[in-house]
Amino acid sequence: GRILLKSTKNTTLDAGSQTTASGATGGEVRIESGDTTLVSGTIAAKGSAGTGGTVQVLGNQVGLIETANIDASGETGGGTVLVGGDYQGRNPEVQNAYRAYVGPEATIRADAIAQGDGGKVVVWADGDTRYAGSISARGAGSGDGGMVEVSGKQLLDFHGRIDVGAENGRGGRVLLD
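All of these numbers come straight from a predicted model, not from anything done at the bench.

## Details of the sheet that holds strand 2 (residues 11-13)
Taken in spatial order, the six strands make up an open sheet running 2-5-8-11-14-17, and their pairing is parallel. The sheet is open, and its two edges are formed by strand 2 and strand 17 (155-158), each paired on a single side. Each adjacent strand pair in this sheet contributes to an overall mean axis angle of 5°, direction not counted. Here strand 8 (residues 61-64) pairs with strand 11 (residues 99-102) via four bridges, running parallel. In the sheet register, Gln61 faces strand 11, and the bridge partner there is Arg99.

As structure tokens, then:
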């Protein structure tokens, strides 16, 4: 499935909310605001038989607050999670945030569950990124760990955890910039 929530001003997914596009292969969830996007609920695009899906949380200011939980894991490979932008902010098709925040109780997963490579997770802002949460993009079986970027073009305040390990494959890559 595919879920698109788009607003000209603000979008808030409160604690206890569940936005799910999971299935045999992970679906797509895109939340995009003209101003502020806040998530404290659960967003899932998990693949029960294939790879994880794609989750995009976008806006001018983006925050994963309280116990926000994003999961794009899949049985045969991790999916993609973009918070505030894509890799190094260079994808013109993905809106870049000016500020991104991931709170200390927030979690992001893009793991391979049974076999395959870990997924891709990006937390990006053209201005300031403040990160204190937990990201996992682990490989499973003989798969390799995934790729995680946490960057702020002007400022990065990093106090969180990242796991791009692999059971039997190579460890993944982490970019802090």
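## Focus: the pairing of strand 11
Side chains Ala100 and Val102 of strand 11 all project onto a buried face; the interleaved residues Arg99 and Tyr101 project onto a face where none is buried. Pairing between strand 11 and strand 14 (residues 128-131): four bridges, direction parallel. Paired with Arg99 across the bridge in strand 14 is Asp128.

## Topic: the pattern of salt bridges
Per the counting criterion, the structure on display carries seven salt bridges. Note that Glu28 is salt-bridged to Arg2, the shortest N-O span being 3.5 Å. Linking Glu28 in strand 4 (residues 28-33) with Arg2 in strand 1 (residues 2-7), this pair joins segments that are 26 residues apart in sequence. Judged by its relative accessible area of 25%, Glu28 is partly exposed. Here Arg170 and Asp144 are joined by a salt bridge, their closest N and O atoms 3.3 Å apart.

## Focus on the side chain of Thr19
Relative to the elements of secondary structure, Thr19 occurs in strand 3 (residues 18-20). Contacts of Thr19, omitting those with residues within four sequence positions, involve Ile3, Leu13, Val29, Thr42, Ile43 and Ala44.

## Focus on the environment of Pro104
For Pro104, the position within the fold is in the loop between strand 11 and strand 12 (107-109). Spatially, the C-alpha atoms of Pro104 and Ala132 are 4.5 Å apart, while their sequence positions differ by 28 residues. Not counting residues within four places of it along the chain, the set of residues in contact with Pro104 comprises Ala132, Gly133 and Arg161.

## Here we look at the nonpolar core
One finds Ile43 and Leu64 to be the most contacted residues of the largest nonpolar core, which totals 31 residues. Counting only elements with at least two residues in this core, the list comes to strand 4, strand 7 (54-58), strand 8, strand 10 (80-83), strand 11, strand 13 (120-125) and strand 16 (147-152). In terms of residue count, strand 13 provides more of this core than any other element does, three residues in total. The contacts of Ile43, once residues within four sequence positions are left out, are Leu13, Thr19, Val29, Ile31, Val55, Val57, Asn69, Ile70 and Asp71.

About the criteria used
Residues numbered from 1 in each chain as written. Predicted model: local features only at pLDDT ≥ 70, side-chain atom pairs only at ≥ 80, totals over all residues. Heavy atoms only, no water. Pairing = 2+ DSSP bridges. Helix = DSSP H or I, 4+ residues; strand = E, 2+ residues; numbered from the N terminus. Axes fitted to C-alpha atoms, helices over the stretch in contact; angles between N-to-C directions. Buried < 20%, exposed > 50% of the residue type's maximum accessible area, 1.4 Å probe, protein only. Salt bridge = Lys/Arg side-chain N within 4 Å of Asp/Glu carboxyl O. Contact = heavy atoms within 4.5 Å. Core = buried A, V, L, I, M, F, W, Y, C linked by side-chain atoms within 4.5 Å.

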